[in-house]
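Here is what each chain is made of, one letter per residue.
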Amino acid sequence: MAVQLEEFTKNKPNFDFQISILTFNIFSSSPKECLFNYFVAIYNIIALPLVLLHLFNTFNGEINENIMNSILYAIGMFLYLIKSTFGAYQRKKIHELREKIDNLFNTKEADGDLQEILEERLKYSVNIWKLCTRWGLRLVFLCTLIYGLKMRLNTKIGLIVDIPFTNITSPVRKEALLCVQAALIVLMGYVFITMELAVLFLGVPIASEMNILEDFIRISNEKFKLTPNFFRQLIEKHCNVFGNVNLLNEAFSEMTFIQFFSSIVVFLVAFLFLRKNTEQIENYMLCLCALMQLLPLCLLGQYIKVKTDKLSDTLYLINWYELSLKDQKTFLIILGMAQREYGLKAAGMYEVNLNTFIQIVKLAFSYCTILYTFST
């Protein structure tokens with residue numbers, strides 16, 4: 001078994017679990033995964049109205065820590081429900097993309113040089129995912145744990161839910177609700193990072209496939225002489241790569257659009273916390289969590305955009321004049337296709353890249369400055 005396939009097979013249960021959460025696929029997963037998905041979904045459906053009811057009952061025009069935590073928690077639950085809904089709606093495309101990644105890792109090249117390039121790039125993509133998973137889970141657990149403890153110990157925050165027809169006066173009941181509230185914050189942090197890692201898992205191999213294609217193009221001039229059908233194989237891989245990029249874009253277009261607008265509110269609340277008290281470490285942790293739920297996606301979009309632009313330049317290095325007349329005509333068509341703009345777009349309108357990320361952060365910071373000015 002090839003090295004990259006061995007690593008992929010070893011981590012396949014983790015991949016499937018992440019995708020099952022992203023697509024709310026409760027039927028094809030194990031009983032534990034099914035129970036976990038059901039619990040998270042039912043909890044959010046029940047808790048979101050209770051948090052909104054608390055906001056309705058307590059908001060009097062003053063922006064305090066309790067209100068900001070309630071808004072942040074409500075946005076988080078709303079975002080989970082929207083993302084899981086869109087994930088379930090696009091389940092067919094996500095699974096199609098998943099199958100294409102399976103086929104990519106099971107690909108075997110007859111040529112030794114091409115197989116070496118394939119193994120190296122795919123192994124690197126698995127290592128990237130493993131690194132992001134390991135440190136992403138650790139950082140989110142640490143951040144949400146510190147933030148949950150802050151909510152538990154800070155008397156200014158208190159409960160962020162109102163339970164109808166119930167008057168919580170017992171210290172034991174209130175203590176229990178506060179502890180459950182803090183624990184569920186850690187749980188939702190885990191759910192969110194898992195959904196982001198699922199998107200990353202589907203995107204990183206596509207980016208690696210672009211690197212494989214670029215490496216194949218670089219050695220194509222030597223292979224044309226030794227392998228007569230190599231150019232046709234190259235064209236087929238080129239079409240597969242850009243087809244997968246379009247499929248990735250279609251699968252997450254609406255989800256990314258919602259995430260962009262919700263991120264503005266998340267960043268706004270995080271910056272307000274930090275602006276009001278710059279000495280508390282949990283506020284920096286909150287900002288870090290806000291960055292982690294959007295930055296990886298924008299980095300992936302930026303990388304795909306850069307690589308697609310670079311592929312068109314790399315195609316110019318081919319000795320096209322050594323090809324047959326029929327292949328030369330095909331090459332001109334492919335070159336024209338490569339010069340189009342490819343990349344991830346939210347709802348087909350907003351580009352998913354670092355520039356968009358910076359614009360969202362700047363917009364949230366501007367609103368934060370205005371709100372902070374009026375609240376002091």
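Residues numbered from 1 in each chain as written. Predicted model: local features only at pLDDT ≥ 70, side-chain atom pairs only at ≥ 80, totals over all residues. Heavy atoms only, no water.

**Brief notes about the UniProt feature "transmembrane region" (unreviewed entry) in the protein**
Put simply, the test is: UniProt positions are given in the numbering used here, feature names are shortened, and annotations may be inferred rather than shown by experiment. The way it works is that DSSP assigns letters per residue, a run of H or I at least four long becomes a helix, a run of E at least two long becomes a strand, and they are numbered from the N terminus.
Taking the UniProt record as the reference, the feature "transmembrane region" (unreviewed entry) is found at residues 35–56, 71–89, 176–204, 256–274, 286–304 and 356–374. Within the segment residues 71–89, helix and strand shares are 100% and 0% respectively, and the terminal C-alpha atoms sit 27 Å apart. With 100% helix and 0% strand, residues 176–204 has its two end C-alpha atoms placed 42 Å apart.

**Focus on helix 5 (residues 91–105)**
We count it as follows: The length a helix should cover is 1.5 Å for every residue beyond the first. Only protein chains enter the accessibility calculation, which uses a 1.4 Å probe; a residue whose area is less than 20% of its type maximum is buried, one above 50% is exposed, and one in between is partly exposed. Note that the arc is computed from the directions linking the helix axis to the C-beta atoms.
With 15 residues, helix 5 should cover 21 Å at 1.5 Å per step; its first-to-last C-alpha distance of 21 Å lies within 8% of that length. Buried within helix 5 are the following residues: Ile94, Leu97, Arg98, Ile101, Asp102, Leu104 and Phe105. End-on view of helix 5: buried residues confined to an arc of 160 degrees, all on one side of the axis. Across helix 5 from its buried face, at more than 90 degrees, point the exposed residues Lys92, Glu99 and Asn103.

**Some points on the state of the cysteines**
For clarity, the threshold we go by: Here, the term disulfide refers to a pair of cysteine sulfur atoms separated by no more than 2.5 Å.
Applying the stated criterion to the full structure yields zero disulfides. Sulfur of Cys287: no disulfide; nearest cysteine sulfur belongs to Cys368 and is 8.9 Å away. On the basis of relative accessible area, Cys287 is assigned to the buried category, the value being 11%.

**Digging into empty space enclosed by the protein**
Rules: Only protein atoms enter the 1 Å grid used here. Points where a 1.4 Å probe fits but cannot escape make up a cavity, open sets with protein on both sides within 12 Å along at least five of seven lines make up a pocket, and a residue lines them when an atom lies within 4 Å of a point. Grid points are joined across faces, edges and corners, and a volume is the space filled by probe spheres set on the points. Asp, Glu, Lys and Arg are counted as charged, while Ala, Val, Leu, Ile, Met, Phe, Trp, Tyr, Cys and Pro are counted as nonpolar; the rest, among them Gly, fall into the polar class.
Using the criterion set out here, one finds five cavities of 30 Å³ or more in the structure. Lining the largest cavity are 25 residues, and of these Leu72, Gly189, Phe192, Leu286 and Cys289 lie nearest its centre. Mapped by element, the contributors of at least two residues to the lining of the largest cavity are helix 4 (65–89), helix 6 (112–153), helix 7 (171–218) and helix 10 (281–292). Taken together, the residues of the lining of the largest cavity sort by class into 19 nonpolar, five polar and one charged. When its volume is computed, the second largest cavity comes out at roughly 60 Å³. Taken together, Val199, Leu248, Asn249, Phe252, Ser253, Thr256, Leu297, Leu344, Lys345, Ala346 and Val352 form the lining of the second largest cavity.

**Focus: the nonpolar core**
A general tendency of soluble globular proteins is for nonpolar side chains to be buried together. As a reminder of what qualifies: The criterion is simple. A nonpolar core is a set of buried Ala, Val, Leu, Ile, Met, Phe, Trp, Tyr and Cys residues joined through side-chain atoms within 4.5 Å.
By size, the foremost hydrophobic cluster in this structure holds 106 residues, and its most contacted members are Leu22, Tyr73, Tyr80, Phe201, Leu202, Phe252 and Phe267. If you tally residues by element for this core, the top one is helix 9 (residues 230–276), at 23 residues.

**Focus: the packing of helix 2 (residues 12–23) against helix 7**
Selection criterion: A fitted line through C-alpha atoms serves as each axis, taken over the contacting stretch for helices, and the angle formed by two N-to-C directions is quoted from 0 to 180°. The labels follow the angle: roughly parallel below 35 degrees, roughly antiparallel above 145, roughly perpendicular from 65 to 115, and oblique for the rest. Left-handed describes a crossing in which the near helix is turned anticlockwise from the far one by less than a right angle; the clockwise case is right-handed. The contact criterion used throughout is that any non-hydrogen atoms of two residues lie within 4.5 Å.
Following both chains from N to C, one finds helix 2 and helix 7 inclined at 110 degrees, their axes separated by 8 Å at the closest point. Between helix 2 and helix 7, the angle is such that the two are roughly perpendicular. Helix 7 is crossed by helix 2, and the crossing has left-handed handedness. Residues Phe15, Phe17, Gln18, Ile19, Ile21 and Leu22 of helix 2 lie in contact with helix 7, whose contacting residues are Tyr190, Val191, Thr194, Met195, Leu197, Ala198, Val199, Phe201 and Leu202.

**So, a nonpolar patch on the surface**
Put simply, the test is: Surface patches are drawn from residues lacking salt bridges whose relative accessible area is over 30%; two like charges belong together within 9 Å, two nonpolar side chains (Val, Leu, Ile, Met, Phe, Trp, Tyr) within 5 Å. To be clear on the numbers: accessible area is Shrake-Rupley with a 1.4 Å probe, and residue cover counts the displayed protein chains and nothing else. Whenever a carboxyl oxygen of Asp or Glu lies within 4 Å of a side-chain nitrogen of Lys or Arg, that contact is scored as a salt bridge.
On the surface, Phe141, Leu145, Leu149 and Leu153 cluster together to form a nonpolar patch covering roughly 410 Å² of accessible area. Mapping Leu153 onto the fold places it in helix 6. You can call Leu153 exposed: its relative accessible area is 66%.

**Let's talk about the packing of aromatic side chains**
What counts, and what does not: Two rings from Phe, Tyr or Trp (for Trp, the six-membered ring) form a pair when their centres sit within 6.5 Å of each other. Planes less than 30 degrees apart are called stacked, planes more than 60 degrees apart edge-to-face, and all others tilted.
Here the structure, examined in full by the defined rule, presents 11 aromatic pairs. Ring plane angle 15 degrees and centroid distance 4.1 Å describe the contact between Phe15 and Phe201, whose orientation is recorded as stacked. One end of the pair, Phe15, is in helix 2; the other, Phe201, is in helix 7, with 186 residues separating them in the sequence. There is no split in this pair, since Phe15 and Phe201 are both buried. On the numbers, 6.0 Å between centres and 20 degrees between planes, the contact of Phe267 with Phe271 is stacked. Linking Phe267 with Phe271, this pair stays in helix 9, spanning four residues, or about one helical turn.

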